[in-house]
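Geometric and topological summary
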Amino acid sequence: MMRALPVLSVLSLALLAGCKPAASPASAADPAAATTGRSVATVAEAFQTPMTPDDNIDSPASWTTPEGQVWLIATAKATDKLVIYDGQTGSHLRDVGSLGTAPGQFDRPNGIAVVDDLVLIVERDNHRVQVLQLPDFKPLGIFAAEDLRKPYGLWVNKQADGYDVYVTDSYDAGEDAQGNDILPPLAELDKRVRRYALKVADGKAQATLVSSIGDTGETGALRVVESIWGDPANDRLLIAEEDETYASEFKVYTLEGKFTGTTFGRDAFKAQAEGVMLRTCGKDGWWITTEQGKQRSVFHLFDRHTLKHVGAFQGNTVANTDGIWMDQNASARFPHGALYAVHDDQGVVAFDWSNVAKQLSLPLECAK
């Protein structure tokens, strides 16, 4: 996200001062504590898309067409559009959308997710979620504008009769004299994530608000939020804490929105926590998380079950990464899938998962 750091209230600062020592509740709950040496492997990027600084690229997602072509779709915050690349080569294919409030238009598109033939886009400045149908990017519906104030990211959980959509909302309490966001009191952080039930039928997408999520305790509170992902098989919802004045870490909630008491990653990250995805491997797998270093991004992997740190890698060039997207589908270029990561707000890079697994000694073949 790399937004201005929030200004804490006097009470929040007092609480913060009490949680700095290593023996704080958050650190004590961290499964990665004392297991994260700074050993970072280097994996060469498979490709880099054209760099377009004016776009301010934020987050990627991928979709495989019925003909087998992989589309890499990225949100462009500054130019209010989607940028479509070839997911095998990185070449630019076309752009979709323009500035506006009408269906198919965007105002600072940020988070993106693809499920089935749907692409969902979070628009921060239209404070809404838009649903488009692929391959034509046909607008099917808009929802959440009456609830969201400053949304950023989302995760979509497919259900038998529709989809659960979780949207992060990093609203603030105004700005200070220097233009920095003011963090609301902890008691007002109970709507940091909104959960919607989405149904698509007869060419229309309709969603209803199911619940609002956000612990108001010191350890579980979601101070600055954007990236979110879930693991239905283990009833886990991971949310990145991006308030660096507090900690860079991930908080673990249930899918119903209850804070589990577990946080992790604080000892691993040396820069802001950002994108998160789950790479499954049968019943096992790894959480892929992003440390948004300005000079070089580092991608930390944590065990799907224990949340223990199992390795970290960086590319040769990729830096300042916002969103990431794990595509596990086999393709001609990437037989074991690809990890896509935004590069310095200007483009996207791809990593061949085969190379990542080799460098980190991870199994490529997984038991069912």
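Just above, that's the structure.
Since this is a predicted model, take the numbers as computed values, not measurements. (Residues numbered from 1 in each chain as written. Predicted model: local features only at pLDDT ≥ 70, side-chain atom pairs only at ≥ 80, totals over all residues. Heavy atoms only, no water.)

Considerations on the nonpolar core
Applicable threshold: We call a set of buried residues a nonpolar core when its members are Ala, Val, Leu, Ile, Met, Phe, Trp, Tyr or Cys and they connect through side-chain atoms within 4.5 Å of each other. Whether a residue is buried, partly exposed or exposed follows from its accessible area with a 1.4 Å probe, protein chains only, as a fraction of its type maximum: under 20%, in between, or over 50%, in that order. Put simply, DSSP H or I for four residues or longer makes a helix, DSSP E for two residues or longer makes a strand, and each gets a number counted from the N terminus. Should any heavy atoms of two residues lie within 4.5 Å, those residues are counted as being in contact.
In terms of nonpolar packing, the biggest core is built from 96 residues, with L120, F137, V165, F313 and Y340 touching the most fellow members. The element best represented in this core is strand β4 (residues 70-76), accounting for six residues. Discounting residues that sit within four places of it in the chain, L120 has contacts with G111, I112, A113, V115, V129, Q130, V131, L154, V156, V165 and L198.

Regarding the packing of aromatic side chains
Aromatic ring pairs are defined here through the distance separating the ring centres and the angle between the ring planes. The condition is simple: Pairing of aromatic side chains here covers Phe, Tyr and the six-membered ring of Trp, requires ring centres within 6.5 Å, and sorts the geometry by plane angle: under 30 degrees stacked, over 60 edge-to-face, intermediate tilted. Geometrically, a charge over a ring is one whose NZ (Lys) or CZ (Arg) sits within 6 Å of the ring centre while staying within 35 degrees of the ring normal.
Inspection of every chain in the model, using the stated rule, returns 16 aromatic pairs. Ring centres of F47 and F334 lie 6.3 Å apart, and the angle between their planes is 45°; on these two criteria the pair is classed as tilted. Taken together, the positions of F47 in strand β2 (residues 47-48) and F334 in the loop between β23 (324-327) and β24 (338-343) put the pair 287 residues apart, joining distant regions of the chain. Each member of the pair, F47 as well as F334, is classed as buried. With 5.7 Å between their ring centres and 70° between their planes, F299 and F351 make a pair best called edge-to-face. Of this pair, F299 sits in strand β21 (residues 298-303) while F351 sits in strand β25 (residues 347-352); the two residues are 52 residues apart in sequence, bridging distant segments of the chain. Of the two residues examined, F299 and F351, each falls in the buried class. Across from the ring centre of Y171, 4.5 Å away, lies the NZ or CZ of R192, which sits over that ring. A cation sits over an aromatic face here: R223 above Y246, 3.6 Å from the ring centre.

Brief notes about the sheet that holds strand β13 (residues 193-201)
Keep this limit in mind: Two strands qualify as a pair provided DSSP detects at least 2 bridges between them. The axes are straight lines fitted to the C-alpha atoms, using for helices just the contacting stretch, and the angles between their N-to-C directions are given from 0 to 180°.
Overall, antiparallel pairing links the four strands, which are arranged β11-β12-β13-β14 in an open sheet. Taken across any chain shown, the strands that pair with only one partner, and hence form the sheet edges, are β11 (151-159) and β14 (204-213). For this sheet, the mean angle separating the axes of adjacent strands, direction not counted, is 25°.

Quick word on the environment of S59
We apply this condition: Counted as a polar contact is a pair of N or O atoms within 3.5 Å, where, for protein atoms, one must be capable of donating a hydrogen and the other of accepting one, and residues adjacent in sequence contribute only when both atoms are in side chains.
Checked against the element boundaries, S59 lands in strand β3 (residues 57-64). Linking S59 and A76, residues 17 residues apart in sequence, is a C-alpha distance of 8.1 Å. Here D58 takes part through its side chain, which lies 2.5 Å from a polar atom of the side chain of S59.

Description of the sheet that holds β2
Pairing is antiparallel across the open sheet formed by four strands, whose spatial order is β2-β25-β24-β23. Every other strand in the sheet has two partners, leaving β2 and β23 as the edge strands with one partner each. The sheet contact formed by β2 and β25 spans two bridges and is antiparallel. Residue pairing in the sheet places F47 in a bridge with A350 of β25. Against the sheet, helix α3 (residues 353-360) touches β23, β24 and β25, its axis set at about 60° to β25.

Brief notes about the pairing of β4
The two faces of the sheet receive side chains in turn, since in a regular strand these alternate between them. Across the seven residues of β4, seven count as buried, placing the element largely inside the fold. Burial of β4 is two-sided: the residues V70, L72, A74 and A76 facing one way and the residues W71, I73 and T75 facing the other way are all buried. Of the strand pairs in this sheet, β3 and β4 are connected by six bridges, and their pairing is antiparallel. The partner of A61 across the bridge, within β4, is I73. Connecting β3 to the antiparallel partner β4 that follows it, the hairpin turn spans five residues, and G68 within it adopts a positive phi of roughly 95°. With antiparallel pairing between neighbouring strands as the criterion, β4 and strand β5 (residues 81-86) make up a hairpin whose turn holds four residues, including D80 at a positive phi of roughly 55°.

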